[in-house]
Amino acid sequence: MTENNFDTLRIHAGYDPKEHQFASSVPIYQTAAFGLDNTAVADQIVQGKLPNRFDYSRDGNPTVHVFEQRIAALEGGADAVAVGSGMSAISYTIFNVAENGGRIIAPNNIYGSALDEFRTFFPKFGINFDFVDDINDFATVERLIKDDTKAIYVESVANPSTEIADLEGLAKIAHANQIPLIVDNTFPTPYLLQPFKHGADIDVYSSTKGINGHGNVISGLVVDHGKFDWNNDKFPQFNEDEFILGDEKTGKRESFVTKFGNLAFIKRIRMKYLRLLGSVLGPSDAYLILLGLETISERLTKEVASATKIAQFLTKNEHVNKVYYSGIEYDNPLVKRYFPKGVGSILSFELAGDENQIAEIINQVKVFSYLPNIGDARSLIVNPAKTTHREIPADIRQKHALNNQVLRLSIGLEDVDDLIADLGHAIEQAFSK
Ligand SMILES: *Cc1c(COP(=O)(O)O)cnc(C)c1O
């Protein structure tokens, strides 16, 4: 059978109604644990030998499992693990790749909490970061790779500047040095960009955002392309014998690499990080995300069209200094190569005004909601320097579209003319006083 296309997979992948009383909608398995039947079956289940049996919802749950398999299919990945937030997905991924200490290369124009974690928290665990201003400056990235560098980490589309990472060039550098390329693909979602097609090895997501699309659940994902060779002495954690991978009868122990080959990374996320650190996604939350995911293509298509119109409107507004939206950079080669369907629903602009006028715009809008989220069906407005990116040092903010005059918009599903009128009116009000 030929592989189905994206729009079919987002409705059907990972779910067979025959295995669930022919329920058309994925059932919510609201249970902490699952019966083990008898002791012989229990032995098999706990050793992971029965793939469709579950024992405890911290290790796996049928509703969550459908979500994981559906995302893996949409990404063109081999496997996925859903977790309780985007930040857990990032944290588990960084620990899993650099658990024995080491260095990671990353740009400094990433999500505020991720940057804070990388700068101030991971170093306490022996994981240090080499930051670059421009991740597409390949000469600098190459120069920063040292013996203990464990990965290159990027956001496919930066928040809020919407700068695009050149994944193919970065993947080449990473692979020439036997390290993986990790991509936070939250902004585009798998509908607009599938990083594995461009050489990425691991994708992480905040599925709180566009994947769900309705702003009602905090959740995250780690997705594995299943192509990276972890049998590599940079990564001893995948190559040591593990009790949990042992065979009770023979006493023989295995490592994640000998047992799972190229799936070592994602299996280890589940069996070490999810099982032992425990940031689990609940089945009811997984159900809501699955529901949101069913309309991802229609939502993103409309949101991209509206974001483009709003960016064009702002470009012409006399009170706007600069619009940050690579979706309207029609001669940008990275847009053409990576984003034929558009760059996404998030854009920013710098006001030709002061902080009081920024505050006035926020207080005047009626259709836009003032809150720190993106990828919602509702359109959102926020002042990143005071909220989402507050913890980023001022000098870094200044360089990356994050000064006090910047407003970030996340465009939802309302009528675009109403959004433009709302924004236009608020800007006018701010400058009429
Ligand atoms: C929101 C966000 C995160 C963090 O996700 P949570 O679900 O809030 O933990 C990480 N990366 C990006 C790009 C985000 O926008």
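Worth saying up front: this structure is predicted, and the values here are computed from it rather than measured.

Novice: I tried to follow the overall build of the chain on my own but got confused; where do I start?
Specialist: In terms of regular secondary structure, the chain is built from 16 helices and 12 strands. Considering only C-alpha atoms, the chain reaches an extent of 80 × 55 × 40 Å along its principal axes. Across the chain, the fraction of contacts at a sequence separation of at least 24, relative to all contacts at a separation of at least 6, is 72%. Counting only carbon and sulfur atoms, one obtains 50% of the accessible surface of the chain, whose full area is about 18,300 Å². Of note, the chain has its 42 positive side-chain charges centred 2 Å away from the centre of its 57 negative side-chain charges.

Novice: Would you mind going over helix α7 (residues 167-176) with me for this structure?
Specialist: Residues separated by three or four positions in an α-helix point in the same direction, a consequence of the helix having 3.6 residues per turn. Three or more residues of α7 are buried, namely L167, G169, L170, A171, I173 and A174. Elements in contact with the buried residues of α7: α6 (138-144), β4 (149-155), β5 (181-184) and α13 (333-338). A positive phi of about 55° marks Q178, the residue just after α7.

Novice: Which parts of the structure should I look at to understand the site of the ligand?
Specialist: If you check the shell around the ligand, you find 14 residues, and the closest are M87, D184, S206, T208 and K209. With respect to the ligand, the backbone of G86 contributes an N or O atom lying 2.9 Å from an oxygen atom. Within the side chain of K209, one N or O atom sits 2.8 Å away from an oxygen atom of the ligand. Here the ligand has 380 Å² of accessible area as a free molecule, and 93% of this is covered by the chains. Residues that form the shell around the ligand fall into these classes: 5 nonpolar, 6 polar and 3 charged.

Novice: Is there a simple way to think about the sheet that holds strand β8 (residues 320-324) in this case?
Specialist: Note: strands within a sheet are paired through backbone hydrogen bonds, in either parallel or antiparallel orientation. The strand order β8-β9-β12-β11-β10 describes an open sheet built from 5 strands, whose pairing is mixed. Since the sheet does not close on itself, it has two edges, and those belong to β8 and β10 (369-370), each with one partner. Note: strand β11 (residues 380-382) against strand β12 (residues 406-410), 3 bridges, orientation antiparallel. When the sheet's bridge partners are listed, I381 is paired in β12 with L409. The sheet contacts of helix α12 (residues 296-316) involve β8, β9 (346-351) and β12, and relative to β9 the element is tilted by about 10°.

Novice: What should I look at first to understand the pairing of β9 in this one?
Specialist: Walk down a regular strand and you will see the side chains alternate between the two sheet faces. When you tally the buried positions in β9, you get 6 out of 6 residues, the bulk of the element. Of the two faces of β9, the one carrying I346, S348 and E350 and the one carrying L347, F349 and L351 are both buried. Note that β9 and β12 share 5 bridges and pair antiparallel. Within the sheet, the bridge partner assigned to S348 lies in β12 and is R408.

Novice: What should I look at first to understand the domain arrangement of the chain in this one?
Specialist: Interface size, as often reported, equals the accessible area lost upon joining of the parts. Taken domain by domain, the chain comprises domain 1 (6-30 + 61-292) and domain 2 (297-432). Taking only C-alpha atoms, the centre of domain 1 and the centre of domain 2 are 28 Å apart. Each side of the interface is counted separately: domain 1 has 42 residues, and domain 2 has 39 residues. Together, the buried faces of domain 1 and domain 2 total about 3,300 Å²; carbon and sulfur atoms form 57% of this surface. Inspection of the region where domain 1 meets domain 2 yields 3 salt bridges. R10 serves as the salt-bridge partner of E298, at 2.6 Å between the closest nitrogen and oxygen. There are 18 residue pairs in polar contact (both at pLDDT 80 or more) connecting domain 1 and domain 2. Elements supplying a minimum of two residues to the side of domain 1 that touches domain 2: α1 (6-12), α5 (112-121), α7 and α8 (189-192). Element by element, the count of residues in the side of domain 1 that touches domain 2 is highest for α5, at 5 residues.

Novice: When you look at empty space enclosed by the protein in this model, what are you seeing that I'm missing?
Specialist: A complete count under the given rule lists 2 cavities of 30 Å³ or more for this structure. Approximately 60 Å³ is the volume found for the largest cavity. Together, 13 residues line the largest cavity, and S57, G60, V64, L274 and V280 are the ones closest to its centre. At the level of elements, α3 (62-75) and α10 (264-277) are the ones that each hand at least two residues to the lining of the largest cavity. Considering only residue class, the lining of the largest cavity consists of 5 nonpolar, 4 polar and 4 charged. Reported here for the second largest cavity is a volume of approximately 40 Å³.

Novice: Sorry, what's going on with the packing of α3 against helix α11 (residues 283-293) here?
Specialist: How two helices sit against one another is set out by the angle between their axes and by the gap between those axes. At a minimum axis separation of 8 Å, α3 and α11 run at an interaxial angle of 35°. With respect to the hand of their crossing, α3 and α11 are arranged in left-handed fashion. When α3 is examined against α11, the residues T63, V64, V66, F67, R70, I71 and L74 are found in contact with a partner set consisting of P283, A286, Y287, I289, L290 and L293. For the contact of α3 with α11, a count of residues per class yields 11 nonpolar, 1 polar and 1 charged.

Analysis parameters
- Residues numbered from 1 in each chain as written.
- Predicted model: local features only at pLDDT ≥ 70, side-chain atom pairs only at ≥ 80, totals over all residues.
- Heavy atoms only, no water.
- Helix = DSSP H or I, 4+ residues; strand = E, 2+ residues; numbered from the N terminus.
- Contact = heavy atoms within 4.5 Å.
- Areas by Shrake-Rupley, 256 points an atom, 1.4 Å probe, with all protein chains shown as cover.
- Lys, Arg positive; Asp, Glu negative; His and termini not counted.
- Charge placed at Lys NZ, Arg CZ, Asp CG, Glu CD.
- Buried < 20%, exposed > 50% of the residue type's maximum accessible area, 1.4 Å probe, protein only.
- Near = heavy atom within 4 Å.
- Polar contact = N/O pair within 3.5 Å; in protein donor to acceptor, adjacent residues only side chain to side chain.
- Nonpolar A, V, L, I, M, F, W, Y, C, P; charged D, E, K, R; others polar.
- Pairing = 2+ DSSP bridges.
- Axes fitted to C-alpha atoms, helices over the stretch in contact; angles between N-to-C directions.
- Domains from an automatic or database assignment.
- Buried area = accessible area lost by both parts, 1.4 Å probe.
- Salt bridge = Lys/Arg side-chain N within 4 Å of Asp/Glu carboxyl O.
- 1 Å grid on protein atoms, 1.4 Å probe; cavity = no way out; pocket = protein on both sides within 12 Å on 5 of 7 lines; lining within 4 Å.
- Points joined across faces, edges and corners; volume = space filled by probe spheres on them.
- Left-handed = near helix turned anticlockwise from the far one by under 90°.

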